[in-house]
Amino acid sequence: METRNSHYSPEPYERAFDGWVYACMRSDLSEGKVALTFPGHRILITMDDVRPDKIIAMSNTCLHRGAQIVGGSEHIWFGKSDLVCPYHRWTYSEQGVLRAGLGMSAACKGLELRRYPVEVIGDFVFVDLSDRHEEFKTGGGIDLALLQITKAMGDRIGRDTRHFSCNWQICVENTLESTHIGPVHPETFGKIKMRPTVRAYAYSESYRVASASSYMHVPFAESSKRPDFARHHTSGGFEHWYIYPNLSIGSVDGMTFYVGSIVPRGEAKTEFHYSMYKAHCLDPKSQMICDFIAASMPEFTGKTLDEDVAICEMVQRGWHHRNRGEDLLTEQDIRIEWFRKALPPQE
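The structure contained in this document is the topic of the report that follows. None of the values given here were measured: they were computed from a predicted structure. (Residues numbered from 1 in each chain as written. Predicted model: local features only at pLDDT ≥ 70, side-chain atom pairs only at ≥ 80, totals over all residues. Heavy atoms only, no water.)

1. Describing the side chain of Thr256
Heads up, the rule is: Elements are defined by DSSP. Helices are runs of H or I of four residues or more, strands are runs of E of two residues or more, and each kind is numbered from the N terminus. Exposure is judged per residue with a 1.4 Å probe applied to protein chains only, and the accessible area is read against the type maximum: over 50% gives exposed, under 20% gives buried, and values in between give partly exposed.
On the secondary structure map, Thr256 appears in strand S17 (residues 256–266). The exposure class assigned to Thr256 is buried, which follows from its relative accessible area of 3%.

2. Topic: the sheet that holds strand S10 (residues 118–121)
Rules: Here, a strand pair is defined by DSSP locating no fewer than two bridges between the strands. The axes are straight lines fitted to the C-alpha atoms, using for helices just the contacting stretch, and the angles between their N-to-C directions are given from 0 to 180°.
Strands sit in the order S2-S11-S10 across an open sheet of three strands; the sheet is antiparallel. Every other strand in the sheet has two partners, leaving strand S2 (20–25) and S10 as the edge strands with one partner each. Within this sheet the neighbouring strands show an average axis-to-axis angle of 30°, counted without direction. For S10 and strand S11 (residues 124–128), the ladder comprises four bridges, and the chain directions are antiparallel.

3. Regarding the pattern of salt bridges
Worth spelling out the cut-off: The rule for a salt bridge is simple: a side-chain nitrogen of Lys or Arg has to be within 4 Å of a carboxyl oxygen of Asp or Glu.
Within the structure shown, the criterion is met by 13 salt bridges. Two residues, Arg156 and Asp28, come together in a salt bridge whose shortest N-O distance is 3.3 Å. With Arg156 in strand S12 (residues 153–164) and Asp28 in the loop between S2 and strand S3 (33–38), this residue pair connects regions lying 128 residues apart in the sequence. Here Asp28 falls in the buried class, since its relative accessible area comes to 3%. One salt bridge in this structure joins Lys33 and Glu94, with 3.1 Å as the shortest N-O distance. Highlighted residues: Lys33 in strand S3 and Glu94 in the loop between strand S7 (91–92) and strand S8 (98–100), separated in sequence by 61 residues. Bridged by salt links that share partners, the residues Asp28, Glu31, Arg156 and Arg159 form one connected network.

4. Focus: the packing of aromatic side chains
What counts here: Ring pairs are drawn from Phe, Tyr and Trp, using the six-membered ring of Trp, whenever the two centres fall within 6.5 Å, and their geometry is named by plane angle: stacked under 30 degrees, edge-to-face over 60, tilted for the rest. Both a distance and an angle decide whether a charge sits over a ring: NZ of Lys or CZ of Arg must be within 6 Å of the ring centre and within 35 degrees of the ring normal.
For the structure on display, the rule yields eight aromatic pairs. Plain terms: the ring middles of Phe126 and Phe136 are 4.9 Å apart, the flat faces sit at 40° to each other, and that makes the pair tilted. Of the two residues, Phe126 is situated in strand S11 and Phe136 in the loop between S11 and helix H2 (142–152); the sequence distance between them amounts to 10 residues. Classification of Phe126 as buried rests on a relative accessible area of 1%. An aromatic cluster is built from Trp20, Tyr22, Phe124, Phe126 and Phe136, whose rings are joined through pairwise contacts. Over the aromatic face of Phe78 sits the side chain of Arg159, whose NZ or CZ is 3.7 Å from the ring centroid.

So yeah, pure geometry; function would need other evidence.
Shown next as structure tokens:
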């Protein structure tokens, strides 16, 4: 039986983000504060001005009339700003304590913005949006992976956003399989005739983490067009990690990395915010190859995501979801089924 768009209800994402979520990179806080918008939550992340080694996550919603205190209209905002609500100039300390405001009674002074639990692994900052205060657990060896990724990442080489006119689940499922690379990415992966061969999958029992590694083969005729130092360098592996519900990490040969957040902004509206990094390379030859790959990464990644936007929006317009039997699932579909099991059931 087929039903149009039956799988993509807006309800699961609202509950999917009722728990621990990826927020930002610790290094992002060197720019000041980070303001984030998740379903039902506006979050402000900053370094503690009393304990500089500690990160604070607090509500970014004014206690007075519910206006956003700092930030813009997108999911994420970076910048330096005092905590002054633009609506009535209610002012908060860097700790989120209410200090003053137009028409504020004396009884209000000293009230505090809601605090959110924070967990930091390497450079990755996670925030608990729930009221349950559950222990942060990932599983699947991801804690060690995040520490290794943090150690391997070098300078950031770019940051960008893509807006998808489709359901959040479609975007996530698109990141969880690579067999679409040929038909969906003709101007990027297709041009260099790169073909993925998945070699390993891993999942955590809690459905929080999925990882996959692939061989990305480039035919000799295409690799021979590269500069001398990269000519015989055929990509030996693309590593991908997905941490439920919104963190997507990818790396080509450990020489470049992207870190992205997939965030729903409505039933058929999703934002993908990502940063790109080149790796720390120890020997000169690897550094040359790393620099070559990193130089092309922002443009290549941007074009790839533009193609992803187009296919995901096409799926949103015409998707027919079939209840398939296990015998019809490919290896890539199994990753998608894992994601669906992670989603909270509809009530």
